[in-house]
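What follows is the residue order along each chain.
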Amino acid sequence: MNRKQKKMLARIAAAFALMAGLHFVPAEGGTRFAFYLVPYLIVGYDILIKAAKGIRNRQLFDENFLMAVATVGAIALALYGRSGDYTEAVAVMLFYQVGELFQSYAVGKSRRNISELMDIRPDYANIEKDGALEKVDPDEVGIGSFIVVQPGEKVPIDGVVAEGTSSLNTSALTGESVPRDVKQGDEIISGCINMTGVLKIRTTKEFGESTVSKILDLVENASSRKSKSENFITKFARVYTPAVCGAALVLAVLPPLVRIFGMGLPAEWDQWIYRALTFLVISCPCALVISIPLSFFAGIGGASREGVLVKGSNYLETLSQTKIVVFDKTGTLTKGVFEVNAVHHNEMAEKKLIEYAALVESSSSHPISKSLQRAYGKEIDRSRVTNIKETSGEGVTANVDGVPVAAGNAKLMERLGVSYINCHSVGTIIHMAVNGEYAGHIVISDVVKPHSKEAIAALKASGVRQTVMLTGDMKSVASQVAETLGIDQFYAELLPADKVEKVEELLKTKSNKEKLAFVGDGINDAPVLRRADIGVAMGAMGSDAAIEAADVVLMDDDPLKISTAIKISRKCLGIVYQNIVFAIGVKLICLILGALGIANMWLAIFADVGVMILAVLNAIRALFVKNL
Amino acid sequence: MKKTYKIDVDCANCANKMEEAAQRTAGVKNASVNFMTLKMNVEFEDGADNKAVMQEVLKNCKKVDDDCEIYL
């Protein structure tokens, strides 16, 4: 509790004790009024002052004004009726303040809880100076500096491991609890916790540009992008309070007049005014206004805990209505890392063929060439390769150890006049010709991510109507992947612009209420990510383009997290709707009971405070998203 | 030109009122108040004097909610 809250608690306790004591004091008339005024003022003076200021600044209809009018009115009624029953007015003020206190405590507490969950902000960075470690502010560390991270410490800044090996706990970033091993030369992102060994890291970014700062920035600013539900509540509160105040006025004046002039009955002014005041107490909107943003905040916090960054509550809302999910293939459903799958029709030893291929392709940085070099597994001696000629769209020819070698697709073979054998396997086929003779072909294919199949199934189970895959790859490759994963539809051989077009087409086929999500790895998919109702990017452990273009970022690149994100969003939205219905429902019932004279102020204030407490507790539930 | 300020405000309704008050202030292009993180993001109009504008924002916010605070 902060100072303000402690002071409030003391005031409430004092007023409560006084009220209990006054119960046994047999004072009458003016003395009694003066006695009861003391606890009333103790507990409610700030409300009265705020109400007065509100009137002066023409800010009528705020909760201070409502409470002031209602309680002063109740006291006036007690004075007028000479009943001497001031308890109610004081109690209403007292409980209102209890409610406010609880609210500010609960909100403060959940605010802290959520920020603790997202506590990935490093406080310092270690810099080695004269053999001793010195702790400095991470903001002060420049690019290219060397920092030391000891076991148990957070990696403060993105960089490359310069010395040491260790396991990293990335769960704060990715929600993934399997440790990641790093060694010299590996990239390392901030926010991970170093578990086993001492690491020396050469920083590649400034602290402000590091992953950890970016994520914190995103999550903290996320709730400023407001959802429709939040905007609805703001608008609702704006209309609702004046409406109830108007209704209260009508309730105070109309029935007595009707009774006098229409029915010839006594007016019973005090009774109707009392009912009108009860109306004012009920009309306090804060319970409603607070639980909605709190639910979204908790939902976003919970999601980020699971490695899903949602950039705003509006996106959380859209996500919950997702019915079509469109995937990019490479890097999203597949690893985007090619591997040599098979070698066919080879005359020479498999190893020898791959060695030739690796050497011929040694100067290329194409992923396919890289995969060949990896398959070769040895250091490449470039001096063995001469006369390299690359023809784009065909392949490479070169002399290896003086022997002419060609590696490429069917076109290259045709041009060279080498008769080749077609392959039935799916993947990228590299035909090899050595010394002008066909030497066989190498099949290279992208590897499907371990969770891709599960991810598609999980999406189907969570009510996604259609899954679509877009890819620039060949049709044969695409159809095989789509089939293994159980994807409904696929479009192959697309250029980036075609992807946008396809998404536009799909957007036209769906109804307004259904939303389309596009999942991509964010680098070349940026236009599509923006065009879809909601763009989900693979965070690729630090790819800036991905984080910036998308609305939702999956920190560990695991497609299974898409359904997790959808489930989290549904839970959160469910809680939001529960709270809206519950809060408005209880208020309406109380208003009706109040108008009929069944509910008194006591019930009204209890309903108000009770609804708020329940709504806040319910909102906090959105934080718990494990095992959805 | 965008800037973030730390604020203090008691309830979500008051936060909405602060947001409106800030948006109405001359020199402010857009403002958003985040009740959960207790932060106010202000986008200033080109050429506006941040400090003077923020004084006005604070004054306007105080008008709608006496209890609020902006840490300038």
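The following paragraphs examine the structure supplied in this document.

Rules used in this analysis
- Residues numbered from 1 in each chain as written.
- Chains lettered and ligands numbered in written order.
- Predicted model: local features only at pLDDT ≥ 70, side-chain atom pairs only at ≥ 80, totals over all residues.
- Heavy atoms only, no water.
- Contact = heavy atoms within 4.5 Å.
- Buried area = accessible area lost by both parts, 1.4 Å probe.
- Salt bridge = Lys/Arg side-chain N within 4 Å of Asp/Glu carboxyl O.
- Polar contact = N/O pair within 3.5 Å; in protein donor to acceptor, adjacent residues only side chain to side chain.
- Helix = DSSP H or I, 4+ residues; strand = E, 2+ residues; numbered from the N terminus.
- Patch = residues over 30% accessible without salt bridge, like charges linked within 9 Å, V, L, I, M, F, W, Y side chains within 5 Å.
- Areas by Shrake-Rupley, 256 points an atom, 1.4 Å probe, with all protein chains shown as cover.
- Lys, Arg positive; Asp, Glu negative; His and termini not counted.
- Charge placed at Lys NZ, Arg CZ, Asp CG, Glu CD.
- Buried < 20%, exposed > 50% of the residue type's maximum accessible area, 1.4 Å probe, protein only.
- 1 Å grid on protein atoms, 1.4 Å probe; cavity = no way out; pocket = protein on both sides within 12 Å on 5 of 7 lines; lining within 4 Å.
- Points joined across faces, edges and corners; volume = space filled by probe spheres on them.
- Nonpolar A, V, L, I, M, F, W, Y, C, P; charged D, E, K, R; others polar.
- Expected span 1.5 Å × (residues − 1).
- Core = buried A, V, L, I, M, F, W, Y, C linked by side-chain atoms within 4.5 Å.
- Bend = angle between axes of the 7 residues up to and from the residue.
- Pairing = 2+ DSSP bridges.
- Axes fitted to C-alpha atoms, helices over the stretch in contact; angles between N-to-C directions.

## Digging into the interface of chain A and chain B
Here is step 1: Opposite the 25 residues of chain A that make contact, chain B presents 24 residues.
Here is step 2: Here chain A meets chain B over a buried area of about 2100 Å², counting both sides, of which 49% is carbon and sulfur.
Here is step 3: Run the count over chain A and chain B and you get zero salt bridges.
Here is step 4: There are zero residue pairs in polar contact (both at pLDDT 80 or more) connecting chain A and chain B.
Here is step 5: Put simply, the parts of the chain that give the side of chain A that touches chain B at least two residues each are helix H2 (29-56), helix H4 (87-117), helix H6 (211-222), helix H7 (228-262) and helix H9 (286-305) of chain A.

## Here's the deal with a negative patch on the surface
Residues and elements named next belong to chain A.
Here is step 1: Negative charge collects at one region of the surface, where Asp-137, Asp-139, Glu-140 and Glu-206 lie side by side.
Here is step 2: Inspection of the secondary structure puts Glu-140 in the loop between strand S2 (132-136) and strand S3 (146-149).
Here is step 3: Overall, the relative accessible area of 62% leaves Glu-140 in the exposed class.

## Topic: the pattern of salt bridges
Here is step 1: As enumerated under the stated definition, the model contains 18 salt bridges over all chains in all.
Here is step 2: In this structure, B:Lys62 and B:Glu69 form a salt bridge, with 3.4 Å as the shortest nitrogen-oxygen distance.
Here is step 3: Given the relative accessible area of 29%, B:Lys62 is considered partly exposed.
Here is step 4: Of the residues examined, B:Glu69 reaches a relative accessible area of 26% and is grouped as partly exposed.
Here is step 5: Ionic contacts of the salt-bridge type, sharing partners, join the residues A:Glu355, A:Arg384 and A:Asp401 into one network.

## So, empty space enclosed by the protein
Here is step 1: According to the stated counting rule, one finds five cavities of 30 Å³ or more in the structure shown.
Here is step 2: For the largest cavity, the calculated volume is near 150 Å³.
Here is step 3: Looking at the largest cavity, it is lined by 14 residues, and the ones nearest its centre are A:Lys226, A:Glu230, A:Pro293, B:Asn16 and B:Phe35.
Here is step 4: Of all the secondary-structure elements, those providing two or more residues to the lining of the largest cavity are H7 and H9 of chain A together with helix H1 (12-24) and strand S2 (28-34) of chain B.
Here is step 5: A class-by-class count of the residues in the lining of the largest cavity yields eight nonpolar, four polar and two charged.

## Considering helix H16 (residues 496-509) of chain A
Here is step 1: Here H16(A) contains 14 residues, and its C-alpha end-to-end distance of 21 Å stays within 8% of the 20 Å for a straight helix at 1.5 Å per residue.
Here is step 2: Looking at the buried side of H16(A), the elements it contacts are strand S11 (322-328), strand S18 (466-470), strand S19 (489-491), strand S20 (515-520) and helix H17 (526-531) of chain A.

## A word on the nonpolar core
Here is step 1: If you look at the biggest cluster of nonpolar residues, it comprises 84 residues, and the most contacted ones within it are B:Val9, B:Met18, B:Met40, B:Val57 and B:Ile70.
Here is step 2: In terms of residues, this core owes the most to one element, helix H19 (residues 560-596) of chain A, which gives 11 residues.
Here is step 3: Contacts of B:Val9, omitting those with residues within four sequence positions, involve B:Cys14, B:Ala15, B:Met18, B:Phe35, B:Leu38, B:Asp65 and B:Cys68.
Here is step 4: The next biggest cluster of nonpolar side chains, apart from the first, holds 46 residues, and it includes A:Tyr36, A:Leu94, A:Leu280 and A:Met601.

## Some details on H2(A)
Count 3.6 residues to each turn of an α-helix, and residues three or four apart come out pointing the same way.
Residue and element names in this part refer to chain A.
Here is step 1: Taking 1.5 Å of rise per residue, 28 residues should cover 40 Å, yet H2 covers just 33 Å from first to last C-alpha, more than 12% shy of that figure.
Here is step 2: Along H2, the helix axis deviates most sharply at Gly-44, where the bend reaches about 65°.
Here is step 3: The set of residues buried in H2 consists of Arg-32, Tyr-36, Pro-39, Tyr-40, Val-43, Gly-44, Asp-46, Ile-47, Lys-50, Ala-51 and Gly-54.
Here is step 4: With its phi angle positive at about 55°, Arg-58 sits one or two positions after the end of H2.

## Thoughts on the sheet that holds strand S1 (residues 2-8) of chain B
Residues and elements named next belong to chain B.
Here is step 1: Strand order in this open sheet of four strands is S2-S3-S1-S4, and the pairing throughout is antiparallel. One side of each edge strand has no neighbouring strand; the edge strands of this open sheet are S2 and strand S4 (69-71). Taking each pair of neighbouring strands and ignoring which way they run, the sheet shows an average axis angle of 30°.
Here is step 2: Across three bridges, the pairing between S1 and S4 is antiparallel. Residue pairing across strands places Ile-7 opposite Ile-70, the latter belonging to S4.
Here is step 3: Contacting S1, S2, strand S3 (39-44) and S4, helix H2 (residues 50-64) crosses the sheet at an angle of about 130° to S3.

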